[in-house]
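Architecture and fold: a report
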Amino acid sequence: MWASMKTSRTLGWILLVAALGGAGYYGWQRHQGAEAAKKTAEQKSARPQAVRVSTVPVEKTDFPVFLTGLGTVQGFNTVQVRTRVDGQIDKIAFTEGQLVKEGDLLVEIDPRPFQAALDQAKAKRAQDEANLNNANLDLQRTTKLGEFATRQQQDTQRATVAQLTAQIAADDAAIANAQTQLSYTQVKAPISGVAGLRQVDIGNIVNASSQTGIVSIAQIEPIAVIFTAPEEQLPYINEAQKTAPLKVIAFTTDGRKQLAEGKLMVVNNQVDTSSGTIRLKAVFDNKDHVLWPGQSVSTRLLVRTLKDATVVPDDAVQHSTSGLYSYTVSQDNKAELRKVKVGVSLDGRTVVEEGLTPGQQVITGGQFKVQPGSVVTTAVASSEPAPAKVRQE
């Protein structure tokens, strides 16, 4: 019995030692796993995280240089139609806003007084012609009398014939004047264009001396746009204009919609000293009538084209206290800061004069997370730049 109890106690101690050993081994394994996980986390935290950015390649292309400004559309010719005779309006032959052609009837004034004056002038000429015929017959009779007629009688008769001949010439002039006055009773369009709001009605009395017109007509085919440019650009404009008329593009005032393309026709003969600008006049065919007199438009004047310019999106150029810069991506996907010097900008694109070369990948999005040397992961940005406001050179 005693031997049996001793054996049981020995087995208990053995089991206890085994349990303690297993627990120690399990704790050691957990400690080693925690140390490995901690080491892995430290390694991961020490490894730099890649910054996601958008990039585009730097382009080499021809870049148009435009001067932008605001202009006002004007009729190529504008006429205030007035009457040239006095009288009452019997007929209005146009409608407001109508496209009229040169020579179209606009207004008809009561012609009866002028027709009567013409008839009177014609009757006077017929009377003087009869007197002239009679005087010629008297002159012939006097001449045939020979020595039986005095020299004085012959001279008097010749003078009478000459006087009546001159009177008929005066009658012809009076008839022409009366016909002209009669023609003025039909007021016709002096130019082709758009008729404005009429300022008279049927039955109104109009006077040639009145400053109030009948209607205004504005020629819209072609049409003109008056705009200004800075005086420092005048040498470039004049130099380019010698080769060929410069192209002018008209946009809506917000710059979003192109309306028409035309040509620069006139550079004003004097600079406005108060504003330091020069007035310019461009002409547009305007066959579709998108331009209208009095309309405000945004203008772009193509001064020159930069050949093989280095061009990037506006978003690639960043500002700092030390100047302008851009981030490029190296072959090992690291960001490199480059100081840049820029020129003109148009429609979301900027000409880079120094600092970048064509073919480099330049960062256009995500720069706020980028530092020089940062590892980046790239996504190619859209090649279509967003519309941007045009800056003058």
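Residues numbered from 1 in each chain as written. Predicted model: local features only at pLDDT ≥ 70, side-chain atom pairs only at ≥ 80, totals over all residues. Heavy atoms only, no water.

Moving on: helix α4 (residues 234-243). Along α4, the residues classified as buried are Leu234, Ile237 and Ala240. Along the long axis of α4, the arc covered by the buried residues comes to 135°, so they all point the same way. In α4, the exposed positions angled more than 90 degrees off the buried face are occupied by Pro235, Glu239, Lys242 and Thr243. The secondary structure elements touched by the buried residues of α4 are β2 (59-75), β11 (223-230), β13 (258-272), β14 (277-284) and β15 (296-313). (Buried < 20%, exposed > 50% of the residue type's maximum accessible area, 1.4 Å probe, protein only. Helix = DSSP H or I, 4+ residues; strand = E, 2+ residues; numbered from the N terminus. Arc of directions from axis to C-beta. Contact = heavy atoms within 4.5 Å.)

With that settled, the discussion passes to the pattern of salt bridges. Across all of its chains, the model carries eleven salt bridges by this definition. A salt bridge links Arg125 to Asp172; its shortest N-O distance comes to 2.2 Å. Taken together, the residues span a long stretch of sequence, with Arg125 in helix α2 (residues 112-145) and Asp172 in helix α3 (residues 151-183) at a distance of 47 residues. Among the residues examined, Asp172 registers a relative accessible area of 35% and is labelled partly exposed. (Salt bridge = Lys/Arg side-chain N within 4 Å of Asp/Glu carboxyl O.)

So, on to the nonpolar core. Judged by nonpolar contacts, the single largest core of 25 residues is most densely connected at Phe227, Ile237, Leu264, Leu280, Phe284, Leu291 and Leu301. Within the residue set of this core, elements represented by two or more residues are β2, β11, α4, β12 (247-251), β13, β14 and β15. Not counting residues up to four positions away in its chain, the partners in contact with Leu301 are Val65, Phe66, Leu67, Phe227, Ile237, Leu246, Lys247, Val248, Leu264 and Leu280. Listed in part, the 24 residues of the second largest apolar core include Val85, Ile92, Ala189 and Ile217. (Core = buried A, V, L, I, M, F, W, Y, C linked by side-chain atoms within 4.5 Å.)

On to the sheet that holds strand β5 (residues 99-100), then. Spatially, β3-β10-β8-β5 is the arrangement adopted by the four strands of the open sheet, whose pairing is antiparallel. Of all strands in the sheet, those bounded by a partner on one side alone are β3 (78-81) and β5. (Pairing = 2+ DSSP bridges.)

The pairing of strands in a sheet comes from backbone hydrogen bonds and takes either a parallel or an antiparallel form. Taken in spatial order, the four strands make up an open sheet running β7-β6-β4-β9, and their pairing is antiparallel. Where the open sheet ends on each side, the last strands, each with one partner, are β7 (186-188) and β9 (205-206). Bridge count between strand β4 (residues 87-92) and strand β6 (residues 105-109): three bridges; the pairing is antiparallel. Note that in β6 the partner of Ile92 across the bridge is Val107.

A few words on the environment of Phe284. Following the sequence through the fold, Phe284 ends up in strand β14. We classify Phe284 as buried; its relative accessible area is 1%.

Okay, the pairing of strand β21 (residues 361-365) next. Burial analysis of β21 places four of its five residues in the buried class, which makes it a mostly covered element. Relative to β21, strand β1 (residues 51-57) is paired through four bridges, and the arrangement is antiparallel. In the sheet register, Pro57 faces β21, and the bridge partner there is Gln361.

This part is about the pairing of strand β19 (residues 341-346). Here β19 pairs with strand β20 (residues 349-354) via four bridges, running antiparallel. Considered in β20, the bridge of Leu346 is made with Arg349.

Note that Val81 resides in strand β3. Here Val81 falls in the buried class, since its relative accessible area comes to 5%. For the pair formed by Val81 and Ala189, sequence separation is 108 residues and the distance between their alpha carbons is 7.7 Å. For Val81, the contacting residues outside a window of four places in its chain are Leu106, Val187, Pro190, Gly213, Ile214, Val215 and Ile217.

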